[in-house]
Amino acid sequence: WKAFFKVSNVEAMSFDISFLMDNLPLVFILAGIGVLAGFLAGLLGIGGGIVLVPGLFYSLTYLGYDPAYMMHMAVGTSLAIIIPTGFSSARSHWKRGAVGLDLVKRIGIGILVGVGLGTFIADRLNTESMQLIFAIAIMLLACIMVANPSKHTVWTDVPRQPWTGMAGVFIGTLSTLMGIGGATISVPYMSVCG
């Protein structure tokens, strides 16, 4: 690390500026993707992965990364970005009293198991399979949201265990494969549960 930091500030600054100038359109696109993802995170309580994954995928394509790993990089980067955005969004909703800790406890363990399962599965999938999972899941989730699940309450409360845990495993697995924080799946689930 010491050798890395011996580069003079002038050399480092000229590299950064030339890189920025060479890739200015990409910088604006990435900044726009970040602003949109952050806005949606604050407004809807999501991590922004629905915007980040496609945006990062096409940005990585532009930069010439190996196509075999682009979707994995986009999903992984999105999940890493979701940590601070999700925390910030959760904190805002917490201040308004809009976080049900009992529900977090009931579904959270299943989600953690699902994240592990989703990671295991993603490691064995190719980019095309991950793209297909993302695209199909987004279309299905969009249809569910248009149908307005809150109008179609199936239960008056979240089901008892093991059903809540199994729902958590499904939410965690699919969210990990898509590179999203999970609100896009868990909100319709909770709406159907009343």
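In this convention, every chain numbers its residues from 1, walking through the sequence in written order. Residues qualify for local features only when their pLDDT is at least 70, as the model is predicted, and side-chain atom pairs are given and counted only at 80 or more; totals for whole chains, interfaces and linings, by contrast, use all residues. By convention in this description, side-chain values take in all heavy atoms of the structure and omit both hydrogens and water.

## Considerations on the overall build of the chain
Selection criterion: Secondary structure elements are defined from DSSP: runs of H or I of at least 4 residues count as helices, runs of E of at least 2 residues count as strands, and each element is numbered from the N terminus. Working definition: with a 1.4 Å probe on protein chains only, accessible area under 20% of the residue-type maximum means buried, over 50% means exposed, and in between means partly exposed. Contact criterion: two residues are considered in contact whenever any of their non-hydrogen atoms come within 4.5 Å of each other. Computed with a 1.4 Å probe, the accessible areas rest on the Shrake-Rupley method; for each residue, only the protein chains presented here act as cover.
On a plain count of helices and strands, the chain comes out with eight helices and zero strands. The order of helices and strands in the chain, counted from the N terminus, is α-α-α-α-α-α-α-α. Burial statistics for the chain: of 194 residues in total, 31% are counted as buried. Relative to all contacts within the chain whose residues are 6 or more apart in sequence, the contacts with residues 24 or more apart total 77%. When the accessible surface of the chain is totalled, it reaches about 12,200 Å², and 72% of it is carbon and sulfur.

## Points about the nonpolar core
Burial of nonpolar side chains together is a common tendency in soluble globular proteins. Going by this rule: The term nonpolar core refers to a set of buried residues drawn from Ala, Val, Leu, Ile, Met, Phe, Trp, Tyr and Cys, joined through side-chain atoms within 4.5 Å.
V53, M71, A74, M178, I185 and Y189 are the most contacted members of the largest nonpolar core, which totals 29 residues. Among the secondary structure elements, those contributing two or more residues to this core are α2 (24–44), α3 (49–63), α4 (70–95), α5 (101–122), α6 (127–146), α7 (163–178) and α8 (183–192). Take this core: its biggest share by element is six residues, from α3. Discounting residues that sit within four places of it in the chain, M71 has contacts with V53, F57, T127, M130, Q131 and F134.

## Looking at α8
All of the buried residues in α8 are A183, T184, I185, S186, P188 and Y189. Contacts made by the buried residues of α8 are with α3, α5, α6 and α7. Positive backbone phi, approximately 80 degrees, marks G194, located one or two places after α8.

## Here we look at the packing of α3 against α4
Spelled out, the test is: To define axes, lines are fitted to C-alpha atoms, for helices over the stretch in contact only, and angles between the resulting N-to-C directions are given on a 0 to 180 degree scale. Each angle is binned into one of four classes, with values under 35 degrees roughly parallel, values over 145 roughly antiparallel, values of 65 to 115 roughly perpendicular, and all other values oblique. Here a crossing is taken to be left-handed if its near helix is turned anticlockwise relative to the far helix by less than a right angle, and right-handed if that turn runs clockwise. Three classes are used, and their members are as follows: Ala, Val, Leu, Ile, Met, Phe, Trp, Tyr, Cys and Pro are nonpolar, Asp, Glu, Lys and Arg are charged, and the others, Gly among them, are polar.
Between α3 and α4, whose axes approach to 8 Å, the crossing angle comes to 135 degrees. The orientation of α3 with respect to α4, classified from their angle, is oblique. For the pair α3 and α4, the sense of crossing is right-handed. Where α3 approaches α4, its residues G49, L52, V53, L56, F57, L60 and T61 are matched on the opposing element by M70, M71, M73, A74, V75, T77, S78, I81 and I82. Residues belonging to the contact of α3 with α4 are distributed by class as follows: 12 nonpolar, four polar and no charged.

## A word on the environment of V115
Within the secondary structure, V115 is located in helix α5. Sequence separation of V115 and F170 is 55 residues, and the distance between their C-alpha atoms is 9.1 Å. The contact partners of V115, leaving out residues within four places of it in the chain, are G172, T173 and T176.

## A few points about the confidence of the model for the chain
In plain terms, the rule: A residue's pLDDT is the predictor's confidence in that residue, given on a scale from 0 to 100.
Residue-level pLDDT values for the chain average 80, and 85% of them are 70 or greater. Element-level mean pLDDT values for the chain span from 59 in helix α1 (residues 9–22) up to 91 in α7. Below pLDDT 50 for its whole length, residues 1–13 participates in one contact with residues either more than four positions away or in separate chains.

## As for the packing of α6 against α7
The contact between α6 and α7 brings their axes to 9 Å, and the two run at 120 degrees. Of the possible angle classes, the one that applies to α6 and α7 is oblique. α6 and α7 meet at a crossing whose hand is left-handed. Facing M130, I133, F134, A137, I138 and L141 of α6, the residues of α7 in contact are L174, L177 and M178. Residue composition of the contact of α6 with α7, by class: nine nonpolar, no polar and no charged.

## Quick word on the pattern of salt bridges
Rule in force here: In what follows, salt bridge is the name for a side-chain nitrogen of Lys or Arg lying within 4 Å of a carboxyl oxygen of Asp or Glu.
In total, this model carries one salt bridge according to the counting rule given. Between D123 and R124 there is a salt bridge whose closest N-O contact spans 3.3 Å. The pair D123 / R124 is uniform in exposure class, with both members exposed.

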